[in-house]
Amino acid sequence: MKILLTLSLLVLLTGCFGPDKFDASNDETIKESTQKIVNDLPEADRDEFRKAFMYFSMGGSDGLGAMFGAAFSGKSSKLSNETSIKINLQEINGLTGKQILNKYKVSLEEDLIKRKEKEVELDKTKTLKREAQELLDSKKFKEAIAKYEALSKIASGVEAAEKGIEKATKAMNEFTEKMNYIDKVTITEFSAKRIDTYSKKGIPAVRISLKNNGDKSLDKVKVIVYFQDKNGDTIFEENYFPVLVSKYSYSSASKPLKPGYIKEMDEGKYYTLDSTLSDWVEGKSIAKVVDIEFSSK
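Definitions and limits used
Residues numbered from 1 in each chain as written. Predicted model: local features only at pLDDT ≥ 70, side-chain atom pairs only at ≥ 80, totals over all residues. Heavy atoms only, no water. Helix = DSSP H or I, 4+ residues; strand = E, 2+ residues; numbered from the N terminus. Contact = heavy atoms within 4.5 Å. Areas by Shrake-Rupley, 256 points an atom, 1.4 Å probe, with all protein chains shown as cover. Buried < 20%, exposed > 50% of the residue type's maximum accessible area, 1.4 Å probe, protein only. Pairing = 2+ DSSP bridges. Arc of directions from axis to C-beta. Axes fitted to C-alpha atoms, helices over the stretch in contact; angles between N-to-C directions. Parallel < 35°, antiparallel > 145°, perpendicular 65-115°, else oblique. Left-handed = near helix turned anticlockwise from the far one by under 90°. Nonpolar A, V, L, I, M, F, W, Y, C, P; charged D, E, K, R; others polar. Core = buried A, V, L, I, M, F, W, Y, C linked by side-chain atoms within 4.5 Å. Phe/Tyr/Trp six-rings, centres within 6.5 Å; stacked < 30°, edge-to-face > 60°. Salt bridge = Lys/Arg side-chain N within 4 Å of Asp/Glu carboxyl O.

Examining the overall build of the chain
Piece 1. Tallying secondary structure elements over the chain gives eight helices and seven strands in all.
Piece 2. For the chain, long-range pairs separated by at least 24 residues make up 64% of all intrachain contacts whose partners lie at least 6 apart in sequence.
Piece 3. Accessible surface, the chain: about 20000 Å² in total, of which carbon and sulfur atoms supply 54%.

Okay, structure coming up:
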């Protein structure tokens, strides 16, 4: 009977003197329990425990990132650092040193997975934004909007997607308005021939006159002239701007083309090319209005 009582007492005593546990009740218990845990840990684990303690006191990797972000931005937290630490340490309250180290290891592994997922998400976000912008630059508005809609399904891309859709929709509406109006800008005169200048002979030269048959004033009219060979194949093209309002230009082209107005070149004036275009057949050219810009209100 005495032997059984002795064994029972030993079992109870062994349970009472098990590994120390972290106590986050208050400042004093935090200090005392931390010191006891460190003293009981093998020397090789103590440095790792200090890292773990710092990790959990800051609220994990997210807490560390937020702390550094606030430090660089100059924004202060609503909670004091001391209060935040006490709240964060509840995560390991009641755990032994070994349990804290195991939890720290698992947390680091989870952080690594999250970082890799964020990297993949970031790469996908960058790709979608780049592809959307390329489509937008190519005037493929519906395709660009579809890319932004795909971007909106990624948490980190929602804001960029909203702005992108707004920008693409606006650009599409403006482009549609311009394309509908371009037919109202007619070329009233177009001729292409070779002329002699003071320095060169037989160089290609063109004359272009316009009329605005619409109800809007224009600050820019872009015309492309396509030069063709004897087979009717285009061998060269040149951009011309009979109307181009600019604070840096003082020519007649710098005046807006108002509704119902015409824009004619002075008698004997031509747009000329530097190249002689030896394969170009005089007169075989096509002029087309390809872009306009409405006057600012």
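More follows now that the structure is in view.
Section: the pairing of strand β2 (residues 203-212)
Working note: regular strand, side chains alternate between the two faces of the sheet.
Piece 1. The buried fraction of β2 is high, at nine of 10 residues.
Piece 2. For strand β1 (residues 185-195) and β2, the ladder comprises 10 bridges, and the chain directions are antiparallel. Bridge pairing in β2 links R194 to P204.
Piece 3. Sheet topology places β2 next to strand β6 (residues 271-272); two bridges connect them, and they run antiparallel. Across the sheet, residue V206 finds its bridge partner in β6, namely Y271.
Piece 4. Pairing analysis gives two bridges linking β2 to strand β5 (residues 262-263), with the strands arranged antiparallel. Considered in β5, the bridge of K211 is made with I262.

Some details on helix α7 (residues 141-151)
Piece 1. F141, A144, I145, Y148 and L151 are the residues of α7 that are buried. Mapping the buried residues of α7 onto a view down its axis gives an arc of 110°, with all of them on the same face.
Piece 2. If you follow the buried residues of α7, they end up packed against α6 (97-137) and α8 (158-182).

A closer look at the packing of helix α2 (residues 27-40) against helix α3 (residues 43-57)
Piece 1. Orientation of α2 relative to α3, taken along the N-to-C sense of each, is 150°, at an axis distance of 10 Å. As summarised for this structure, α2 and α3 are arranged roughly antiparallel, according to the angle between their axes. Handedness of the α2/α3 crossing: right-handed. Residue-level contacts link I30, T34, I37, V38 and N39 of α2 to R46, F49, R50 and F53 of α3.
Piece 2. Residue composition of the contact of α2 with α3, by class: five nonpolar, two polar and two charged.

Digging into the nonpolar core
Piece 1. Within the largest apolar cluster, 21 residues are counted, with the highest numbers of intra-cluster contacts made by L210, V221, F227, V289 and I292.
Piece 2. Contributions of two or more residues to this core are made by α8, β1, β2, β3 (218-228), β4 (234-244) and β7 (285-294).
Piece 3. Element by element, the count of residues in this core is highest for β3, at five residues.
Piece 4. Excluding anything up to four places from it in sequence, V221 contacts V185, L210, Y240, F241, P242, V243, L257, V289, D291 and I292.
Piece 5. In this structure, I37, F49, A52 and I100 belong to the second largest nonpolar core, which totals 15 residues.

Some words on the packing of aromatic side chains
Piece 1. Throughout the structure, instances matching the rule amount to nine aromatic pairs.
Piece 2. Relative to F56, the ring of Y55 has its centre 5.2 Å away and its plane inclined at 85°; by these criteria the two rings are edge-to-face.
Piece 3. A relative accessible area of 8% places Y55 in the buried class.
Piece 4. Owing to a relative accessible area of 4%, F56 belongs among the buried residues under this scheme.
Piece 5. When the ring of Y55 is compared with that of Y104, the centres are 5.3 Å apart and the planes differ by 65°; the resulting orientation is edge-to-face. With Y55 in helix α3 and Y104 in helix α6, the pair connects residues that are 49 residues apart, well separated along the chain.

Comments concerning the pattern of salt bridges
Piece 1. The tally for this structure, following the rule as stated, stands at 12 salt bridges.
Piece 2. D47 is the salt-bridge partner of K51, the closest N and O atoms lying 3.9 Å from each other. One end of the pair, K51, and the other, D47, are both in helix α3, four residues apart, so they sit about a helical turn from each other.
Piece 3. Note on K51: relative accessible area 44%, which makes it partly exposed.
Piece 4. Judged by relative accessible area, which is 44%, D47 ranks as partly exposed.
Piece 5. The salt bridge involving E131 is made with K147; its shortest N-O contact spans 2.9 Å. Separated by 16 residues along the polypeptide, E131 in helix α6 and K147 in helix α7 bring together distant segments of the chain.

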